[in-house]
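Residues per chain are reported as follows:
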Amino acid sequence: MASNDDDYGLKAYQDIQAQLGLWGEPSPSPRRKSPSASRYNDSVNTPAAFGASDGQEADNFMDDDEDAIGRSPNLRSPEEEVVNNHQEGPVGVQTPLPAEHDDEAMEHENYYDGDDDGDRNTAHVIIGDDSDSYGPYHNALLTFLQSRERLSKAYSAVQVEDGDDDDVMQEDNEELAEANAAGEEAEMKFLSSLAEICLLRGSQDGRNGGRSATASAAGLCEASKNEGNFWDLMTALREGGTDSLFYCVNGESPPDLLLNNDPATMVATSPAEVLEACLGEDENGNTSLPLQRLNAALSWIEACLGRNFDEKIANEYKNSSDPILPPPGRRTMWPATVESMKRKGGKIHLDAPLQHMFGDRSTSPASVSSFLESEDEANEARLLRACFMLFQAGRVEEALKLVSDCGQPWRAASWIGGEPLSSDGSGNPTRAFWKKQCRQISKQMARVTQVGNSPQESTRSLHSSIAYEAAILCLLSDDVNNALKNPVFQTWESGVHAVLHAERGIIVDEVLMAHNNARIEAAEESQTHFPYAGTEFDALDATETAPEGCDGDLGAALEQLDSSLLDEVREGSGDPFRNGMSSFLVGQNAVKEYIEECAALSIAAQNEDEACFLRFIVHLVIYIDSVLPDFSSQLSLPQDVSAGGDSNDDSLCELLLLKYISYLSTRRDLWPHVALYCSLLSVDNILETYSSFLINVHSDQERKMALQQARDLFPEGLDCCILRNVVREMIISDIPWQHAPGEEGTPAGVNSADARKMRSIHWLCYYPEHWPDALVCSNQLLRIFLLTEGVGTEPSDSNLLACKIFCDKMLPDDLADVAVMQCEQNDGHVPSSISFPMAQNLRKEYISIERFLNAHTMYAQFLDVLANTSPTHSSKSKMAGGTQNEFEKGIADKMERNAFRQKKTGVCKIITKAASRASDALMEVISFSGGWLIDENVFLNEEDTEEAQSRSHEMSAIRSLFLPKMVFMLYEVLDKTASWLEQVVYDTLIQFGSGSEDILLSLFSTFDESDRSNNDEVTVDVLTTSLAAPGYWHSKALSVASVIGNDANNQDLGSDMELFQTSIAESHMKLGRCSKFDSLFDSATERIDISNI
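Read on for an overview of the structure. All figures in this text were calculated on a predicted structure; none of them were measured in a lab.

**Points about the side chain of Lys-435**
Along the chain, Lys-435 falls in helix α14 (residues 431-449). Given the relative accessible area of 4%, Lys-435 is considered buried. When neighbours within four sequence positions are excluded, Lys-435 is seen to be in contact with Leu-476, Ser-477, Asp-478, Gly-505 and Asp-509.

**Description of the packing of helix α35 (residues 946-992) against helix α36 (residues 996-1006)**
Taken N-terminus to C-terminus, the directions of α35 and α36 make an angle of 145°; their axes are 9 Å apart at the nearest point. Between α35 and α36 lies a crossing whose hand is right-handed. Two secondary-structure elements touch here, α35 through Val-984, Val-985, Thr-988, Leu-989 and Phe-992 and α36 through Ser-996, Ile-999, Leu-1000, Leu-1003 and Phe-1004. Within the contact of α35 with α36, the residues separate by chemical class into 8 nonpolar, 2 polar and no charged.

**Re the packing of aromatic side chains**
The final tally for this structure, using the stated rule, is 26 aromatic pairs. Aromatic pair Phe-144 and Tyr-623: ring centres 6.2 Å apart, planes at 45°, arrangement tilted. Separated by 479 residues along the polypeptide, Phe-144 in helix α4 (residues 134-157) and Tyr-623 in helix α22 (residues 611-627) bring together distant segments of the chain. Across the pair, Tyr-623 and Phe-144 agree in class, each one buried. Look at Phe-246 and Phe-631: their rings are 6.3 Å apart centre to centre, the planes differ by 50°, and that puts the pair in the tilted class. In this pair, Phe-246 is assigned in the loop between α7 (242-245) and α8 (271-279) and Phe-631 in helix α23 (residues 629-632), connecting sequence segments 385 residues apart. Phe-631 shares its class with Phe-246; the two are buried. One aromatic cluster is present, built from ring pairs that chain together Phe-144, Phe-190, Phe-230, Trp-231, Phe-246, Phe-577, Phe-584, Phe-613, Phe-616, Tyr-623 and Phe-631. Sitting over the face of the ring of Tyr-134, Arg-615 holds its NZ or CZ atom 4.8 Å from the ring centroid. Geometry around Tyr-767 places Arg-711 over its ring, the cationic atom sitting 3.7 Å from the centre.

**What about helix α9 (residues 289-314)?**
An ideal rise of 1.5 Å per residue puts 38 Å on 26 residues; α9 measures up with 37 Å between its terminal C-alpha atoms. Among the 26 residues of α9, 20 are classified as buried, and the element is accordingly described as predominantly covered.

**Comments concerning the nonpolar core**
Within the largest apolar cluster, 219 residues are counted, with the highest numbers of intra-cluster contacts made by Trp-231, Ile-595, Leu-620 and Tyr-690. A total of 19 residues in this core trace back to one element, the largest contributor, which is α35. Core analysis: the second largest hydrophobic core is formed by 38 residues, Leu-384, Leu-462, Ala-470 and Ile-472 among them.

**Brief notes about helix α39 (residues 1057-1074)**
Along an α-helix, residues three or four positions apart point the same way, because every turn accommodates 3.6 residues. For α39, which comprises 18 residues, the first-to-last C-alpha distance of 25 Å matches the rise-based estimate of 26 Å (1.5 Å per residue) to within 8%. Residues Phe-1060, Ser-1063, Ile-1064, Ser-1067, Leu-1071 and Cys-1074 constitute the buried set of α39. Burial along α39 is one-sided: seen end-on, the buried residues are contained in an arc of 100°. Structural note: α39 exposes Glu-1058, His-1068 and Met-1069 on the side pointing more than 90 degrees away from its buried face.

**A look at a nonpolar patch on the surface**
A cluster of nonpolar side chains, contributed by Phe-887, Ile-891 and Met-895, occupies part of the molecular surface with about 350 Å² of accessible area. With respect to the helices and strands, the residue Ile-891 is situated in helix α34 (residues 886-926). The class of Ile-891 is partly exposed, set by a relative accessible area of 38%.

**Looking at the environment of Gly-587**
Inspection of the secondary structure puts Gly-587 in the loop between α20 (576-586) and α21 (589-604). Taking relative accessible area as the criterion, Gly-587 reaches 1% and is therefore assigned buried. For the pair Gly-587 and Cys-248, spaced 339 residues apart in the sequence, the C-alpha separation amounts to 6.3 Å.

Parameters and conventions
- Residues numbered from 1 in each chain as written.
- Predicted model: local features only at pLDDT ≥ 70, side-chain atom pairs only at ≥ 80, totals over all residues.
- Heavy atoms only, no water.
- Helix = DSSP H or I, 4+ residues; strand = E, 2+ residues; numbered from the N terminus.
- Buried < 20%, exposed > 50% of the residue type's maximum accessible area, 1.4 Å probe, protein only.
- Contact = heavy atoms within 4.5 Å.
- Axes fitted to C-alpha atoms, helices over the stretch in contact; angles between N-to-C directions.
- Left-handed = near helix turned anticlockwise from the far one by under 90°.
- Nonpolar A, V, L, I, M, F, W, Y, C, P; charged D, E, K, R; others polar.
- Phe/Tyr/Trp six-rings, centres within 6.5 Å; stacked < 30°, edge-to-face > 60°.
- Lys NZ or Arg CZ within 6 Å of the ring centre and 35° of its normal.
- Expected span 1.5 Å × (residues − 1).
- Core = buried A, V, L, I, M, F, W, Y, C linked by side-chain atoms within 4.5 Å.
- Arc of directions from axis to C-beta.
- Patch = residues over 30% accessible without salt bridge, like charges linked within 9 Å, V, L, I, M, F, W, Y side chains within 5 Å.
- Areas by Shrake-Rupley, 256 points an atom, 1.4 Å probe, with all protein chains shown as cover.
- Salt bridge = Lys/Arg side-chain N within 4 Å of Asp/Glu carboxyl O.

Laid out in structure tokens, this is it:
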């Protein structure tokens, strides 16, 4: 989030004091600092809620702390933040990735290696990966959007009241002015931060690569620097307002370059003061827009070239094969040549540097012959090259000090003639004459140094000293024509600087010429002398030798680059960032054409190597859409380019965001950045895009991060809508998915697809307000499982295992109750929320299924107990031998009976307990109040939706499938329990014969829970009231019929009713047999007799 450091400047380059200390004081940093924003009234286009806290200030951009290389934390990547900061930061800025993800998950492949369209001048984009800069991009954009959001709130808070209250209106105007200033400052910080991110990345790549850098790394380094220069130009132009940055983009006619004052009316003023009055700011701090843009562009290109010089100086003695400066010990004027002349008696003539005095210098690195010794020529070339680079950087004082410290103060004196005469006597009174001489000398030198048709000479790292001297004179005399023919101007940036510098110099010359002509006329009319002696000779040559400017038209000025013989200068090697710089310098329709062409290339590209350029154009269009929405709405793809799918109706910004989000979603290390860019989409696209993204997020930590970001960045309530889409899509998908990194293993007995469906509900369990939807989706998944799995009747079956694990292990225990409570609180107050009556239906549905699963578990346990508990066992052998008397035999027999009864009591307890639990659970389902899986509130608006109708049909299908089975499961439990107990009776009769009645009567009495007053009543009724009596369970089996017949339970067995009636009839017969003691024992005796035959 926003930091507490108002000075967001980043020291992107090392201090070069150590390298420059041998020949002069270090120069100020060439990196232009962002000035305080001027008060400029601009419209505000704020994206929907960015979740910034009110306590954050709009002008805080970077953190106080810097790392070891000078970067503020907001410019660090998420991976670095994990290492550097162990404290958990706010979700949405730099959220650490889960520790469990492996390196393999972080890799991304290039799926397509096709070439780009060579017909477009932005075809060559970027090769290489720039992954560690995505985080700083994200953070810069987040801070910018938060500032815009706070600015929008500030505008909304300003209410200008009707009436004549001047104090109120003045206060409101002041608040608006402050808001405008804050908005402009936020823009400046955003643009400058992007420039610093890219420039820092480029400088690091350059340092890390060295000589062994691959072509890919070198391309990335160059691209990063060029992108940084682009954003730096945007910052420089934006300082003059949006009109300066977006120059006549809406079809306006370009304004003329106007002077603040007429120089012809200032004949008594010194030339220096005339320039300040005509070309400086007026009393309101304003300058003519064309001149303002020219000044900004010239300052920008000088800063670019200054950074290049500083980078070379920083690597001066780091194994450089071509040092910028001569060795410290050789920094005197031509020591080897002077020594040679002393030996040979020659003479030096400074005005004849091309004379062949000592033959061919084949060992010199320079291609042009010189009178200097080869060693001196190389050092002279390096010295003048350094001075030339300093002149390009606008650091003239440093160039003068450098050449003076190297023993050539006469050369420094020859370069300072361009200063106009000031009222204090400083400056050159014959400036025009000096400039004319510089132009003539540079023209003569150009005949020697001109590239001609030998492009191979333009690739030299070090040219002749005369080439650099000629280049300096071209800059001093504004001679663009000869400058562009000089091989020293090797790069597009050098050519642009020569053009802009000359354009500014020609404007200065025209002002001074108008001023001087007026002074001459005034002096002739008044027959007086000039107020400043000597300036009467300062008359510019009006012939064709004087260069002509373009009156501040940067587009026309840049067309002069076409005259260069070097492709690098003419076309910038087709670099898209340089094309962008040219477009914004030109303005007008060039900006629109450039953005649309770049967008078309990025959207059509299939190669992931071009993701860096996609990132660039996305942030450019986001910025334009934020500050200039009307212009942004005019941007569109060319007619021959299709975005694919149904997205052709979306804006260009929307299309680019969709493409960029699609790329971020393919890289797990970039997942923390997806939400911010999704927040800039339309609501419909947010729903679709973020839902598709979340489907592939599986680890709990990443889910929490992604959901928290959605809650912070998206409109209120949209996170719930997204989760509804995500969970529904996941639970209805039957695609066999592979295990994803960071995802938990599947529970035993559950396939991975079902496990993923179950875990999808966790999306809705992080916040209580989502629990009603969690209940909806849980019920939906349970219905899917029930209709898919069916139900088994064998204890070994694993059917319904997924349902049971889902309810028991993966859902909160109080899900249904909390969901209903949330709906009761939100009923009628929260849009798209579930109504309270519907929530009650959902809770009933969930409880119905939960009770059924519990009943099925009890049923399976009963069958397992029944299968492993035998109703029969052998009595202990009676005491052998005839020595016992009758009394002893009676005691032994009694003990035997008691032991047998206790054994039967134990096994009966096991069976009756399992049977009671199973039958009670099944009966609870069958007799569910209002009917099992039947809604209580049926007249609801929700019933009209497609999902509600599907739910109703599924519930009806489950009832039809499971109710008959549950009825027969219940009947089976009761009937098998009764049959098992009858086996106990038969076993007792076999063991003890006629004496078994007392044993059974005692056994039945033990399980009789009714209150009895005498033994006779117990003996008669215990056969149907004791849990150990078969008649009790047959009686319960008959009671099932009354439950089925009760209309309140809404039970309909359908085609199974006939079978159920047959079973009930059999139970009635069995009850008749087991409800009387005689018939129970008679039937048992008959079975015993039959078994003995």
